[in-house]
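# Overview (structure and organization)
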Amino acid sequence: MTQSIPFPNDPAQEVRLTPEQLTPVLEAMFVKKSMFQFDASVAVKRMLEADLYGIPSHGVGRICEYIDAIDLGDIDPRARVLVLHENDVMTMMDGSRSIGHVAATKAIESASAKAKSSGVGVAALSNSQTLGAASVYVRLAVEQGLIAICMSSTGGATVAAPGTKSGAVGNAAFSYGVPIQNGAPVIFDSACGASSWGKLRLLEQYGLPIPAGIAFDEQGEEATTFEAAKVLQSGGKELGYGLSLLCSILAGPLSVGRMPIKKTRSDSAEDSQHFFIVFDISSFQDPERFQKQLNAGLDEIRELPSEYPGEPVRIPGDRSQQCFQNYSQNGIPFHRSTIDEIRARAEQLGVVVEW
């Protein structure tokens, strides 16, 4: 179940900036809104990682949205993430309405530490905010040689169930990561709907219509604009619906939250829940043997006949690794309107912008 439409791009509408150019401005914007410097640094780093790995729908382009949520009182810029209870393998945490990037970082760090000591680590995070791109958190575990899964539930029921054009489940984020010895990791990151809402917002930014089969309007008719779109088709029909339902349960009632269909307010007004599972490979089998078997299987997959001449069959994570190599060297591409909005908001806050 992959994203059904690619991220839009058009060099004529874009400007490239480096993390080094963006970081001090973005951090200062958060600090101006009373966020601790450490938390601002963590949040900005997670957002930039999303952009570097080719997920602009969940990167720094959303910083103005987060600042608006702080102004509304939906995000507490000085909140402390609390441990409600824990044991050798699990931690139940309360995000205290902190920005999701900070709370989710603490949760995956906790799950990773428990996996190293007990073989498996689980962290459930309640009362949080959207975490951005789910894959940036599994990468934190993968960098330590661990396998990780992330599920996130933000917002109301905006994805249809088979047999209805009404929202039944949330457009949950689902990601997993597997370390590869001497190579780029396997990283899967997807919304459970036919697209993420952030990607549809980007299509609008680039002046592109929503493709057929993605979204419905209030009357259940095909929606081609972001403004008209109210409900998404599930990704892979029953597959996306079933996976989103699982995410809605684990990153919902099990994480001291509610099912998406019971959430009726705006995304930032409603809380978000996140669920992490981390595995230590050495607790299951010899890591060297695991890597040998895994790489042999991945090599065979890549060698399968491709529908596209000259383009090998891809493993999840191949595209994001290509983006990282490109953007690290050449800067991250942003739509000009995104940069204009960030610059204007920064100047309103009294933050100096030199780009």
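The rules behind these values
Residues numbered from 1 in each chain as written. Predicted model: local features only at pLDDT ≥ 70, side-chain atom pairs only at ≥ 80, totals over all residues. Heavy atoms only, no water. Helix = DSSP H or I, 4+ residues; strand = E, 2+ residues; numbered from the N terminus. Buried < 20%, exposed > 50% of the residue type's maximum accessible area, 1.4 Å probe, protein only. Contact = heavy atoms within 4.5 Å. Salt bridge = Lys/Arg side-chain N within 4 Å of Asp/Glu carboxyl O. Axes fitted to C-alpha atoms, helices over the stretch in contact; angles between N-to-C directions. Parallel < 35°, antiparallel > 145°, perpendicular 65-115°, else oblique. Nonpolar A, V, L, I, M, F, W, Y, C, P; charged D, E, K, R; others polar. Phe/Tyr/Trp six-rings, centres within 6.5 Å; stacked < 30°, edge-to-face > 60°. Lys NZ or Arg CZ within 6 Å of the ring centre and 35° of its normal. Pairing = 2+ DSSP bridges. Core = buried A, V, L, I, M, F, W, Y, C linked by side-chain atoms within 4.5 Å.

## As for the environment of Phe30
By the element assignment, Phe30 lies in helix α1 (residues 19-32). Under the relative-accessibility criterion, Phe30 is labelled buried at 0%. The spatial distance from the C-alpha of Phe30 to the C-alpha of Pro77 is 8.0 Å, given a sequence separation of 47 residues. If near-sequence neighbours (up to four positions away) are discounted, Phe30 is found in contact with Met35, Ala40, Ala43, Val44, Met47, Ile63, Tyr66, Ile67, Ile70 and Ile99.

## Comments concerning the pattern of salt bridges
The full count for this structure, using the stated rule, is ten salt bridges. A salt bridge links Glu270 to Arg265, with the shortest nitrogen-to-oxygen separation between them at 3.6 Å. For Glu270, a relative accessible area of 2% translates into the label buried. Where Asp318 meets Arg302, a salt bridge forms, and the shortest distance between an N and an O atom there is 2.9 Å. Placement of the pair is Asp318 in helix α9 (residues 318-330) and Arg302 in helix α8 (residues 287-302), with a sequence separation of 16 residues. Accessibility expressed as a relative area gives 17% for Asp318, which makes it buried. Here Arg302 falls in the partly exposed class, since its relative accessible area comes to 33%.

## Structural notes on unusual backbone geometry
A positive phi angle, close to 55°, is found at Ser96, a residue other than glycine. Unusually for a residue other than glycine, Asn182 sits at a positive phi of about 60°. Since its relative accessible area comes to 82%, Asn182 is described here as exposed.

## Thoughts on helix α6 (residues 197-205)
Buried residues of α6: Trp197, Gly198, Lys199, Leu200, Leu202 and Leu203, and no others. Buried residues in α6 make contact with β11 (231-232). Gly207 sits one or two residues past α6 and shows a positive phi near 75°.

## So, the packing of helix α3 (residues 63-72) against helix α10 (residues 336-348)
Following both chains from N to C, one finds α3 and α10 inclined at 40°, their axes separated by 9 Å at the closest point. The angle between α3 and α10 places the two elements in the oblique class. On α10, the residues touching Ile63, Cys64, Ile67 and Asp68 of α3 are Glu341, Ile342 and Arg345. Of the residues belonging to the contact of α3 with α10, the class tally is four nonpolar, no polar and three charged.

## Looking at the packing of aromatic side chains
Summed over the entire model, instances satisfying the criterion amount to six aromatic pairs. Centroid distance Tyr53 to Phe324: 4.7 Å. Interplanar angle 15°. Geometry classified as stacked. Of this pair, Tyr53 sits in the loop between α2 (37-52) and α3 while Phe324 sits in helix α9, placing them 271 residues apart in sequence. Among the residues examined, Phe324 registers a relative accessible area of 27% and is labelled partly exposed. Clustering of aromatic rings is evident, with ring pairs tying together Phe174, Tyr176 and Phe188. The side chain of Arg78 reaches across the aromatic face of Phe36, ending 4.2 Å from its centre.

## Regarding the pairing of strand β12 (residues 272-280)
On any regular strand, side chains alternate: one points to one face of the sheet, the next to the other face. Within β12, eight of the nine residues are buried, which leaves it mostly tucked inside the rest of the structure. Judged from the eight bridges that link them, strand β5 (residues 146-153) and β12 form a sheet pairing that is antiparallel. Residue pairing in the sheet places Leu146 in a bridge with Asp280 of β12.

## Describing the environment of Arg289
Inspection of the secondary structure assignment puts Arg289 in helix α8. As for Arg289 and Ala79, which are separated by 210 residues in sequence, their C-alpha atoms are 44 Å apart.

## Looking at the nonpolar core
In terms of nonpolar packing, the biggest core is built from 35 residues, with Leu26, Met29, Phe30, Ile63, Ile99 and Trp355 touching the most fellow members. Put simply, the parts of the chain that give this core at least two residues each are α1, α2, α3, α9, β13 (332-335) and α10. Residue contributions to this core peak at seven residues, all from α2. Among all residues touching Leu26, those that are not within four sequence positions of it are Val44, Val60, Ile63 and Ile342. By size, the runner-up hydrophobic cluster in this structure holds 30 residues, among which are Ala107, Val138, Ala173 and Leu202.

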